[in-house]
Amino acid sequence: MSPALIALLPFIGALLPGLLIRSGRTVAAAACGTTTLVALLGLLLHIPAILRGEVITARIAWLPQIQLNANFRIDGLSLLFGILILGIGLLIILYARFYLSRKDSVGKFYTYLMLFQGAMVGIVLSDNILLLLVFWELTSLSSFLLIGYWRHLPEGRQGARMSLAVTGLGGLAMIAGLLILGQIAGSYDISDILTAREAVQSSPWYTPALILILIGAFTKSAQFPFHFWLPHAMAAPTPVSAYLHSATMVKAGLFLMARLWPVLSGTEQWFWIVATTGLVTMLLGALIATFKDDLKALLAFSTVSHLGLITMLLGFGTEEAAIAAVFHIINHATFKAALFMTAGIIDHETGTRSIARLGGLRRLMPVTFVIGTVAALSMAGIAPLNGFLSKEMMLYEVSHLEVAKQGFMLFATLAALFSVCYSLRFFVQVFLGPERHDYPHHPHDPNFGMWAGPAFLVVLVVLIGLFPNTMAGWLIDASAGAVTGAEVETHISLWHGVNAALIMSLIAIAGGATLLSMHKPLLAAWEAAPRPEAKTIYDWVVLRCVLVGRALTDAMTNGSMPRALSAFTLATLFAGSFAWYTGSAGPVTRPMLPVTPVPLIGWIMAMVATACMVFFHRIRVLALVLVGIVGLIVSVFFAYFSAPDLALTQISVEVVTVILLLLALNFLPKRTLTETPAIHRGFDAFIATLAGLGFGGLTYAMLRRDFAFPTISSYMLDNSYKLGGGDNVVNVILVDFRGYDTFGEITVLGIAALAIFALTQTLLQGRSAKRLINWTHDQRRAGDRHPLMLVIATRVLLPISLVVGLFIFLRGHNDPGGGFIAGLVVAIALLMQYMASGYGWAQERQALPYHALIGAGVVAAGVTGLGAWFNGRPFLTSAYGYFKLPFIEEFELATAMGFDLGVFLCVVGAVMLALNSLSRIARKAGEVVNKTPMDIDLSDEHPEGAS
Amino acid sequence: MEFLVASAVGAITAAGIYLILRLRTFAVVLGMTMLTYAINAFLFATGRLVVNKPPILLGHSNINPADYTDPLPQALVLTAIVISFGMTAVVVMMALGAFIEGGDDHINMPDDDRIMPTLKTLDDQKPEDETA
């Protein structure tokens, strides 16, 4: 199976729960499980090739211009992590099916889980660091959703936010680091970067890149001092914790360090930063875990500690240490996932995770006891379990260090000692001891589905421990080979003879057991001792940030719109003037056109109307008339300067806009009061004049100069007929050359109309509905709402205007016209009916809902565009031909016409929906609806519908 | 002629800016409509002023760009006109909704709306608020 498909499968799986959840949670879980299994099998099929040393790649060009390509690779390291992610993911899906309660929304859970799984698989299969970054951010986001899954719990929300903040910020640093790395290496492909070790390490940018990348890896893998988010992420449901903190999320940082190990490791900086951070984290995590009461918190800090261990091993920079690191990744994933699931089972069955309230579960939950004990002993590093083997390897590496050997040996032993202590605590204080009678629920073993997963893992723990070379040797060889870039032939054995590592191990076990026996007094001392609480510090910092942000926002916007707009206008003016005075506009080359009488008259009208607008805008109806005048002159302006299409559009939009504003004004106050003092108005006028001078000046400067660069319009003119089959170049641009833009624009128009509809919907409910029902109009109503003359005239006009609309639509491709204008004309024709004959009468004859028109329009345009695919052409490529029908002139049929039909429908629907919404508000406000065309009731009956 | 166009664009802009600085919604809507005219005219004018040369092909061969005005700004402005209608419609409905709901067509945020709850911890709000 192609690596790209393996990475894609979980995302496909993420769609399934939403579709299938109505069939029940088992079906949804099975669907997710099946997709995961298919992906896992696809991965496993590559094993033979990878063991032969091959690297499987898939390359898909995505954005080659910025070297962002969907390149995937499977080598030993990807294989190891892929198996962990998909294999443990499979067990988690099974476990979660039984863990989640009836109240939990299971579909959402599985969707988040599969998204997360996909992101993780993406990280480990990426062969392009930019692609890797995309998946990296995706894990931050999807883990946020998973950790905050129980969003009714404040801890869940806080934990989710904290993990997103920490890992997200680390991710930002990492983006910078990886970009630098890619720049040094000259390529963003991991395969290329891995070969550029010398270039990278000799570059002066090596240290900054290293630090930035490590910040990303450390935040993700919860290394000190970024470790604090991980325990708080435990507020998530246990399946999530088990998945995120054993095999996936926190291992992503380790994966990255392992992936870039051949390039970055081996330097002094690498050793000191990575190895010491790992050591400190290992010790600190183990120490805190020893004193945690919550089972999951104990496991969380133990995870922190083990991640530190692996980080330290990677930091050593030697091949043997890398092998040990890889081996411990496998072992930790197996026993830690089992332990988390055990903790979840205990929580599920007893109702508590507090160790102080547990104990004596050995007889009550025998199966869980066995699973938990074996896993805990493995975590403690007791022979012959797998945890023992990798811990011995770790201690062996520590005792063979060339620098700072004593320090590392001391602290590593100490960490191992605490590790033994908390592991034994899990086993002794939870399962051993006397049975109690005060568990919140009566505990018993869960059903098979819940313990099957951890049991399977525990079997692996034992088998790897006993037969490490058979069980895991091949995987270690392959993955460690991929990390180190050398042929690796490991041989792991249980018995190495008495060496330093064994002695350290024995000290740790003895010390840990002793520590456990003194646990009570020590715990009291620990609780009493003052220590910095990371969450308090974090909260303090975030709260300060929020307060500063709030103060800034408050200072900048005080809720005054004119203030904000003045500032905006002045800033724009300043930016424009700055550009004008620092740049050069080129010489004045265009001669002025002579002024002829007609444009001069238009200019005078526009200026007078604009001036009146400013002086009389308080009389709102008059202002509306003036706006109409300016609009009409603008359309004449378009007509005069060779833009017939624009003139037609402008004039019809003008009609619709004025009607819309008029209908709205019906409800609004009819006059604006003078509220601002004269000095304030003077200042506003000053700003407005400056802006006017600036924009007018800019227009003049532009009009007097020729194009700075040759325009692309000659291409459109040349090819309008050849490629688009139309003579009207503007229309061909709209429906063909720039069809994609137009497609977006009609969609936006449709969305605007739907937003208006939604707004109306909310206005017709609740408080505003009450106000509307009691609405008193501030002006007298007309006596004759539907004058006879108007009714008759519009009735006659309707077919004519529809024909005009059709005519404009059909000629659009070759002559001024087209879908936009035709849509507006038809909308106006319909509007006339509503205005003249009344809403009720018109609505009865209106068969299609306007939403449907908008939808049909977008679909028609889209389907026309898709049609091009079937001819093997790109989206929206058009075809055309000329036809001859008897009695009619030769006419043209182009696929672009289908697109234009979509534009037409969308425009009609949007305009009508907007105006229809206003009429709904009017009816709510007591406007009566007539069923008869005229208000004169010719029958003797009481007029119906007047209620 | 260029001067006439530029001065008209400037005047309409100035009127528009003055109107959007008013305190009532209707005046602001009118101001935005005026600004729309000015900006559309400006965008159209980026193709420069050409009289009597509409971009409608006269023949299908030997097309000389000098015979036609620039069609590209026209196509851009055509959709801009329609989109600005959509925008005006949405803004008008918002203004109307605010007036019906609040009984007031002031554009500024009322002072008591600006008072924020004091922030003690980061998780003050109840989960009901989030889901509602």
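Residues numbered from 1 in each chain as written. Chains lettered and ligands numbered in written order. Predicted model: local features only at pLDDT ≥ 70, side-chain atom pairs only at ≥ 80, totals over all residues. Heavy atoms only, no water.

**Things to note about the overall build of chain A**
Broken down by element type, chain A carries 39 helices and four strands. With the C-alpha coordinates of chain A rotated into their principal frame, the extents come out at 110 × 70 × 70 Å. Buried positions account for 54% of the 947 residues belonging to chain A. Considering only intrachain contacts with a sequence separation of at least 6, the fraction spanning at least 24 residues in chain A is 79%. When the accessible surface of chain A is totalled, it reaches about 40,200 Å², and 70% of it is carbon and sulfur. Taking the average place of the 58 positive charges on the side chains of chain A and the average place of its 53 negative ones, the gap between the two points comes to 9 Å. (Helix = DSSP H or I, 4+ residues; strand = E, 2+ residues; numbered from the N terminus. Buried < 20%, exposed > 50% of the residue type's maximum accessible area, 1.4 Å probe, protein only. Contact = heavy atoms within 4.5 Å. Areas by Shrake-Rupley, 256 points an atom, 1.4 Å probe, with all protein chains shown as cover. Lys, Arg positive; Asp, Glu negative; His and termini not counted. Charge placed at Lys NZ, Arg CZ, Asp CG, Glu CD.)

**Things to note about the UniProt feature "domain: NADH:quinone oxidoreductase/Mrp antiporter transmembrane" (unreviewed entry) in chain A**
When the UniProt feature table is mapped to this numbering, "domain: NADH:quinone oxidoreductase/Mrp antiporter transmembrane" (unreviewed entry) covers residues 126–403 of chain A. Between the end C-alpha atoms of residues 126–403 of chain A the distance is 35 Å, and the span holds 76% helix and 0% strand. (UniProt positions renumbered as here; feature names shortened; annotations may be inferred.)

**Quick word on the side chain of Thr676 of chain A**
With respect to the secondary-structure elements, Thr676 of chain A resides in the loop between helix H29 (644–665) and helix H30 (678–703). Judged by relative accessible area, which is 13%, Thr676 of chain A ranks as buried. In terms of polar contacts, Thr676 of chain A uses its side chain to reach the side chain of Arg22 of chain B, at 3.4 Å. For Thr676 of chain A, the residues in contact, after removing those within four places along its chain, are Arg681 of chain A together with Arg22 and Leu23 of chain B. (Polar contact = N/O pair within 3.5 Å; in protein donor to acceptor, adjacent residues only side chain to side chain.)

**Comments concerning the packing of aromatic side chains**
The tally for this structure, following the rule as stated, stands at 28 aromatic pairs over all chains. Seen from their ring centres, Tyr700 of chain A and Phe3 of chain B are 6.1 Å apart, and the 80° between their planes marks the pair as edge-to-face. Of the two residues, Tyr700 of chain A sits in helix H30 while Phe3 of chain B sits in helix H1 (residues 2–20), which places them in two different chains. For Tyr700 of chain A, a relative accessible area of 26% corresponds to the partly exposed category. Following the ring pairs from residue to residue traces out a cluster consisting of Phe637, Phe638, Tyr640 and Phe641 of chain A together with Phe44 of chain B. Lying over the aromatic face of Tyr18 of chain B, Arg22 of chain B brings its terminal NZ or CZ to 4.2 Å of the ring centre. Across from the ring centre of Phe707 of chain A, 4.5 Å away, lies the NZ or CZ of Arg48 of chain B, which sits over that ring. (Phe/Tyr/Trp six-rings, centres within 6.5 Å; stacked < 30°, edge-to-face > 60°. Lys NZ or Arg CZ within 6 Å of the ring centre and 35° of its normal.)

**Some details on the interface of chain B and chain A**
Taken together, the 95 residues of chain B in the interface contact 127 residues of chain A. Here chain B packs against chain A, burying approximately 10,400 Å² in sum over the two surfaces, 75% of which is carbon and sulfur. On the chain B side of the interface with chain A, the three residues burying the most area are Met1, Arg48 and Phe85 of chain B, jointly 8% of the side's total. Where chain B touches chain A, the interface holds four salt bridges. Between Asp105 of chain B and Arg620 of chain A there is a salt bridge; the shortest N-O distance is 3.0 Å. Only H1, helix H2 (25–45), helix H3 (71–102) and helix H5 (127–131) of chain B provide two or more residues apiece to the side of chain B that touches chain A. (Buried area = accessible area lost by both parts, 1.4 Å probe. Salt bridge = Lys/Arg side-chain N within 4 Å of Asp/Glu carboxyl O.)

**Some words on the pattern of salt bridges**
Residues and elements named next belong to chain A. Applying the stated criterion across every chain yields a total of 15 salt bridges over all chains. Taking the shortest distance from any N to any O, the salt bridge between Arg73 and Asp75 comes out at 3.0 Å. Asp75 shares its class with Arg73; the two are buried. Between Asp741 and Arg738 there is a salt bridge whose closest N-O contact spans 2.8 Å.

**With respect to the domain arrangement of chain A**
Residues and elements named next belong to chain A. Segmenting chain A into domains produces domain 1 (265–535), domain 2 (562–591 + 674–705), domain 3 (596–673) and domain 4 (726–937 + 943–947). In this assembly, 17 residues from domain 3 lie in contact with 22 residues from domain 4. For the pair domain 3 and domain 4, the summed buried area comes to about 1,600 Å², and 77% of that belongs to carbon and sulfur atoms. Among the residues domain 3 hides against domain 4, the three largest losses belong to Asp645, Val656 and Phe667. Together they make up 37% of the total. Applying the counting criterion to the domain 3 and domain 4 interface returns zero salt bridges. (Domains from an automatic or database assignment.)

**Thoughts on the packing of helix H17 (residues 319–350) of chain A against helix H22 (residues 468–484) of chain A**
All names here are of chain A. One way to put it is that H17 packs onto H22 with a least axis distance of 9 Å and a crossing angle of 125°. Viewed along their axes, H17 and H22 adopt a mutual orientation that is oblique. Crossing of H17 against H22: the hand is right-handed. Here Glu319, Ala322, Ile323, Val326, Phe327 and Ile330 of H17 come into contact with H22, specifically with Pro468, Ala472, Leu475, Ile476, Ser479, Ala480, Val483 and Thr484. Split by residue class, the contact of H17 with H22 holds eleven nonpolar, two polar and one charged. (Axes fitted to C-alpha atoms, helices over the stretch in contact; angles between N-to-C directions. Parallel < 35°, antiparallel > 145°, perpendicular 65-115°, else oblique. Left-handed = near helix turned anticlockwise from the far one by under 90°. Nonpolar A, V, L, I, M, F, W, Y, C, P; charged D, E, K, R; others polar.)

**Points about a nonpolar patch on the surface**
Residue and element names in this part refer to chain A. Judged by side-chain polarity, Val459, Leu463, Leu466, Phe467, Leu494, Trp495, Val498, Ile503 and Ile507 come together as a nonpolar surface patch covering roughly 850 Å² of accessible area. Elements supplying a minimum of two residues to the nonpolar patch: helix H21 (448–466) and helix H23 (500–517). Per element, the largest residue contribution to the nonpolar patch is three residues, and it comes from H21. With a relative accessible area of 41%, Leu466 lands in the partly exposed category. (Patch = residues over 30% accessible without salt bridge, like charges linked within 9 Å, V, L, I, M, F, W, Y side chains within 5 Å.)

**Description of the nonpolar core**
Generally speaking, nonpolar side chains in soluble globular proteins are found buried as a group. Core analysis: the largest hydrophobic core is formed by 198 residues, its most contacted members being Leu264 and Phe316 of chain A. Residue contacts for Phe316 of chain A: discarding those within four places in its chain leaves Phe271, Ala275, Ala321, Glu397, Val398, Leu401 and Phe408 of chain A. (Core = buried A, V, L, I, M, F, W, Y, C linked by side-chain atoms within 4.5 Å.)

**Examining the UniProt feature "domain: NADH-Ubiquinone oxidoreductase (complex I) chain 5 N-terminal" (unreviewed entry) in chain A**
UniProt's entry tags residues 65–110 of chain A with the feature "domain: NADH-Ubiquinone oxidoreductase (complex I) chain 5 N-terminal" (unreviewed entry), counted in the numbering of this structure. Taken end to end, residues 65–110 of chain A is 63% helix and 15% strand, and its first and last C-alpha atoms sit 36 Å apart.

**Describing unusual backbone geometry**
In this structure, Pro225 of chain A follows Phe224 of chain A across a cis peptide bond, with omega equal to 5°. If you trace the backbone, Pro225 of chain A turns up in the loop between helix H10 (206–220) and helix H11 (229–232). With a phi angle near 65°, Asn52 of chain B is a residue other than glycine that sits in the positive phi range. Topologically, Asn52 of chain B is positioned in the loop between H2 and H3. According to the relative accessible area criterion, Asn52 of chain B is exposed, its value standing at 68%.

**Re the confidence of the model for chain B**
Residues and elements named next belong to chain B. Across chain B, pLDDT averages 85, with 89% of residues at or above 70. For chain B, per-element mean pLDDT is lowest for H5, which scores 41, and highest for H1, which scores 95. The low-confidence segment residues 124–132 (pLDDT under 50) makes nine contacts with residues lying over four places distant or belonging to another chain. (pLDDT = per-residue confidence, 0-100.)

**Looking at the UniProt feature "transmembrane region" (unreviewed entry) in chain B**
Residues and elements named next belong to chain B. With numbering matched to this structure, UniProt assigns "transmembrane region" (unreviewed entry) to residues 6–21, 28–51 and 75–100. Taken as a whole, residues 28–51 contains 75% helix and 0% strand, while its terminal C-alpha atoms sit 34 Å from one another. Helix makes up 100% of residues 75–100 and strand 0%, and the two end C-alpha atoms of the span are 38 Å apart.

**A closer look at the pairing of strand S1 (residues 56–63) of chain A**
All names here are of chain A. The pairing of S1 with strand S2 (residues 68–74) spans six bridges and is antiparallel. Looking at the pairing, Leu63 lines up with Leu68 of S2. Linking S1 to S2, which pair antiparallel, is a turn of four residues; within it Gln67 sits at a positive phi near 60°. (Pairing = 2+ DSSP bridges.)

**Some details on helix H25 (residues 534–556) of chain A**
The end-to-end C-alpha distance of H25 of chain A is 33 Å, a good match for the 33 Å that 23 residues give at a rise of 1.5 Å each. All of the buried residues in H25 of chain A are Lys535, Tyr538 and Leu543 of chain A. (Expected span 1.5 Å × (residues − 1).)

**Comments concerning helix H39 (residues 895–924) of chain A**
Residues and elements named next belong to chain A. With 30 residues, H39 extends 44 Å between its outermost C-alpha atoms, agreeing within 8% with the 44 Å of an ideal straight helix rising 1.5 Å per residue. Of all 30 residues making up H39, 25 are buried, and the element is well covered by its neighbours. A positive phi of about 95° marks Gly926, the residue just after H39.

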